[in-house]
Amino acid sequence: MKNLNYNKVEEIINDVAEEFLEHVSENCDDEGNINFGNEVNEVSYENKVVLLNDFIDYINCYKEENS
């Protein structure tokens, strides 16, 4: 089996990130405040760590659904 090249890796990561961001944007009010997530306040993710933990959870779910 051939290893993935940079272009394919970039495509995969971009696709997953775009899907995550679409999901986040569907859960925002008109002012862009996020209304869901892992330990999220009413305005936004509290910090980068909380955001990245939520993204990692999303990636893990994505892997399970696409295995």
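Residues numbered from 1 in each chain as written. Predicted model: local features only at pLDDT ≥ 70, side-chain atom pairs only at ≥ 80, totals over all residues. Heavy atoms only, no water.

A. Region of interest: helix 2 (residues 48–65). In this model, helix 2 (18 residues) spans 25 Å end to end at C-alpha, consistent with the 26 Å of a helix rising 1.5 Å per residue. When helix 2 is considered as a whole, its buried residues turn out to be Val-50, Asp-54 and Tyr-58. All buried residues of helix 2 project into a common sector of 80° when viewed along the axis, lining one side. Facing away from the buried side of helix 2, by more than 90 degrees, are the exposed residues Lys-48 and Val-49. Sitting at the head of helix 2, Asn-47 places a side-chain oxygen 3.0 Å from the backbone nitrogen of Val-49. (Helix = DSSP H or I, 4+ residues; strand = E, 2+ residues; numbered from the N terminus. Expected span 1.5 Å × (residues − 1). Buried < 20%, exposed > 50% of the residue type's maximum accessible area, 1.4 Å probe, protein only. Arc of directions from axis to C-beta. Polar contact = N/O pair within 3.5 Å; in protein donor to acceptor, adjacent residues only side chain to side chain.)

Fair warning: the whole summary comes from geometry, so function is off the table for now.
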